[in-house]
Amino acid sequence: MNTKQADFFYVANTYGRFDVALQQGSGAGYVDEDGKAYIDFGSGIAVNTFGSCDPEWVVAVTAQLNTMGHTSNLYYSAPQARLAQMLCEKTGMKKVFFGNSGAEANECALKIARKYGESTGRSTIVTLKSSFHGRTIATLAATGQDKFHEHFGPFPGGFEYITPGDEDELTAALTSGQVCGILMEMVQGEGGVNVLDKSYVQLAAKLCRENDVLFMVDEVQTGNGRTGKLFGFMHYDVQPDVFTTAKGLAGGLPMGACVIGEKAENVLGKGDHGSTFGGNPICAAGAVNVLSRLTDEMLEEVTAKGEYIRQELENAPGVNGITGLGLMLGISTEKPNTQIAADCLRSGLLVLTAKDKVRLLPPLNISFEALKQGIAILKENL
Ligand SMILES: *Cc1c(COP(=O)(O)O)cnc(C)c1O
């Protein structure tokens, strides 16, 4: 049996896979089992911050693998402590809880909001329509898209969905006296690369302050340099009470973090939450390497590359518009996005889709040469 056949027979049929078995990767370049080469504009869905098998990252991770692997959270370990310190010092936050995925990071945020509101009898968590927060039962409930609320009910109650950009709905929700927290993505990723307005986000933060509601930002996709700032909220001059991140944090290893500010830093106590694998030394070492390399210079490069892609594609035939920030871009196209993704794959370019858009999430350190080649392939297929 070849890879595709074995996968078809034995892997749960939950993914609509592209018809390719990738075998080897280096930076923004992949080779499949037939020896065909690809340029990668997807980074494993914003995970491989510095591409596949980045040499510096491999050294950092293997050094930790050769020193000490998993220990459990019964003991202290340097990589986790150092990573938590880095995350807090770079963001003005106070404490970090580590899990292994975006959904787990958000699950932690939801638990913090519920316990925060407990003493005042407030349990409603507000999220936005067209959001995406994960695939567990609670994070599906938090996700503001009807299609995610099919088949798996009953879902936990206490979620309310509002329309992004509608300041009246936002004000009504946050002043109702029922709400303990609001969770939102600064750029909705899976929902179609929708950038929230600055005035809307700032109003949300202000209403949260005035009404003792936790302002929580889902940075699972927008975090770790993806948008040209270390975290997406930094474009908005706001400070979250809680933010979550995952995808690109450990540069290719599974890691999620729920990062907690002053207002909620002592909400969770001993025994309130936990994770067997969370913050393990291997993944933490990968994340320390990633964060230490997301310098101002690197972030400026991300912004410049994002602008370059926009310039190249803005007036290209077949393009109706471009949304996004930094190297998180959504392209509205005349042709169906799924057809473009399939055609690009055939021509040797890996791209993603989100809703009706073509979505680009290239590695942050992709070379201009690879960018140029990838854009040329994309243009041919638009
Ligand atoms: C991908 C994503 C998640 C879920 O992350 P998993 O690691 O798949 O659990 C949650 N929120 C946002 C914004 C995401 O993009």
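Up top is the structure these notes are about.
Quick look at the structure, then.

Here is what the cut-offs are and how they apply
- Residues numbered from 1 in each chain as written.
- Predicted model: local features only at pLDDT ≥ 70, side-chain atom pairs only at ≥ 80, totals over all residues.
- Heavy atoms only, no water.
- Helix = DSSP H or I, 4+ residues; strand = E, 2+ residues; numbered from the N terminus.
- Rg over C-alpha atoms; globule rule 2.2 N^0.38 Å.
- Buried < 20%, exposed > 50% of the residue type's maximum accessible area, 1.4 Å probe, protein only.
- Contact = heavy atoms within 4.5 Å.
- Areas by Shrake-Rupley, 256 points an atom, 1.4 Å probe, with all protein chains shown as cover.
- Lys, Arg positive; Asp, Glu negative; His and termini not counted.
- Charge placed at Lys NZ, Arg CZ, Asp CG, Glu CD.
- Near = heavy atom within 4 Å.
- Polar contact = N/O pair within 3.5 Å; in protein donor to acceptor, adjacent residues only side chain to side chain.
- Nonpolar A, V, L, I, M, F, W, Y, C, P; charged D, E, K, R; others polar.
- 1 Å grid on protein atoms, 1.4 Å probe; cavity = no way out; pocket = protein on both sides within 12 Å on 5 of 7 lines; lining within 4 Å.
- Points joined across faces, edges and corners; volume = space filled by probe spheres on them.
- Salt bridge = Lys/Arg side-chain N within 4 Å of Asp/Glu carboxyl O.
- Pairing = 2+ DSSP bridges.
- Axes fitted to C-alpha atoms, helices over the stretch in contact; angles between N-to-C directions.

1. Re the overall build of the protein chain
Move 1: What the protein chain contains, in helices and strands, is 12 helices and 17 strands.
Move 2: Here the protein chain has a C-alpha radius of gyration of 21 Å; the compact-globule value for 382 residues is 21 Å, and the two agree.
Move 3: For the protein chain, the spread of C-alpha atoms along the principal axes amounts to about 60 × 50 × 45 Å.
Move 4: A burial count over the protein chain gives 53% of its 382 residues as buried.
Move 5: Look at the contacts in the protein chain between residues 6 or more apart in sequence, and 72% of them connect residues 24 or more apart.
Move 6: Working note: accessible area of the protein chain is about 17000 Å², and carbon and sulfur atoms make up 52% of it.
Move 7: Each charge class in the protein chain was averaged separately, 32 positive and 43 negative side chains, and the resulting centres sit 2 Å apart.

2. A short note on the site of the ligand
Move 1: Surveying the vicinity of the ligand reveals the residues S101, G102, A103, N106, F132, H133, G134, E185, D218, V220, Q221 and K247.
Move 2: Here a nitrogen atom of the ligand and a backbone polar atom of F132 are 3.2 Å apart.
Move 3: At 2.8 Å, a side-chain N or O of D218 approaches a nitrogen atom of the ligand.
Move 4: Coverage of the ligand by the protein chains reaches 81% of its 380 Å² of free accessible surface.
Move 5: Ranked by the residues each element gives to the shell around the ligand, the list is headed by helix 5 (residues 102-118), at three residues.
Move 6: The class makeup of the residues in the shell around the ligand is three nonpolar, six polar and three charged.

3. Topic: the layout of surface pockets
Move 1: Taken as a whole, the second largest pocket holds about 840 Å³ of empty space.
Move 2: Along its surface, the second largest pocket is lined by 28 residues, and N73, Q80, V96, F97 and F98 are the ones closest to its centre.
Move 3: Listing elements by their share of the lining of the second largest pocket, those giving two or more residues are helix 4 (78-91) and strand 4 (95-99).
Move 4: Tallied by class, the residues present in the lining of the second largest pocket amount to 14 nonpolar, 10 polar and four charged.

4. Quick look at the pattern of salt bridges
Move 1: Enumeration according to the criterion identifies 15 salt bridges in this entry.
Move 2: We note a salt bridge from K305 to E301, for which the minimum N-O separation is 2.9 Å. Of this pair, K305 and E301 both sit in helix 10 (residues 296-314), separated by four residues, roughly a single helical turn.
Move 3: Through salt bridges with shared partners, one network takes in D54, E56 and R293.

5. A look at the side chain of T139
Move 1: Secondary-structure assignment places T139 in helix 6 (residues 137-142).
Move 2: Within the local environment of T139, its side chain forms a polar contact with the backbone oxygen of G134, the two atoms lying 3.5 Å apart.
Move 3: A distance of 2.7 Å separates polar atoms of two side chains, one belonging to T139 and the other to T136.
Move 4: With sequence-adjacent residues up to four places away left out, T139 is seen in contact with A103, N106, E107, L110, H133 and G134.

6. Some points on the sheet that holds strand 5 (residues 124-128)
Note: strands within a sheet are paired through backbone hydrogen bonds, in either parallel or antiparallel orientation.
Move 1: On the basis of which strands lie adjacent, the open sheet formed by seven strands has the order 4-12-11-10-7-5-6 and mixed pairing. Where the open sheet ends on each side, the last strands, each with one partner, are strand 4 and strand 6 (159-162). On average, each strand axis in the sheet is tilted by 20 degrees relative to the strand beside it, whichever way the strands run.
Move 2: Sheet topology note: the strand 11 (residues 242-245)/strand 12 (residues 256-260) ladder contains four bridges and is antiparallel. In the strand pairing of strand 12, T244 is matched with C258.

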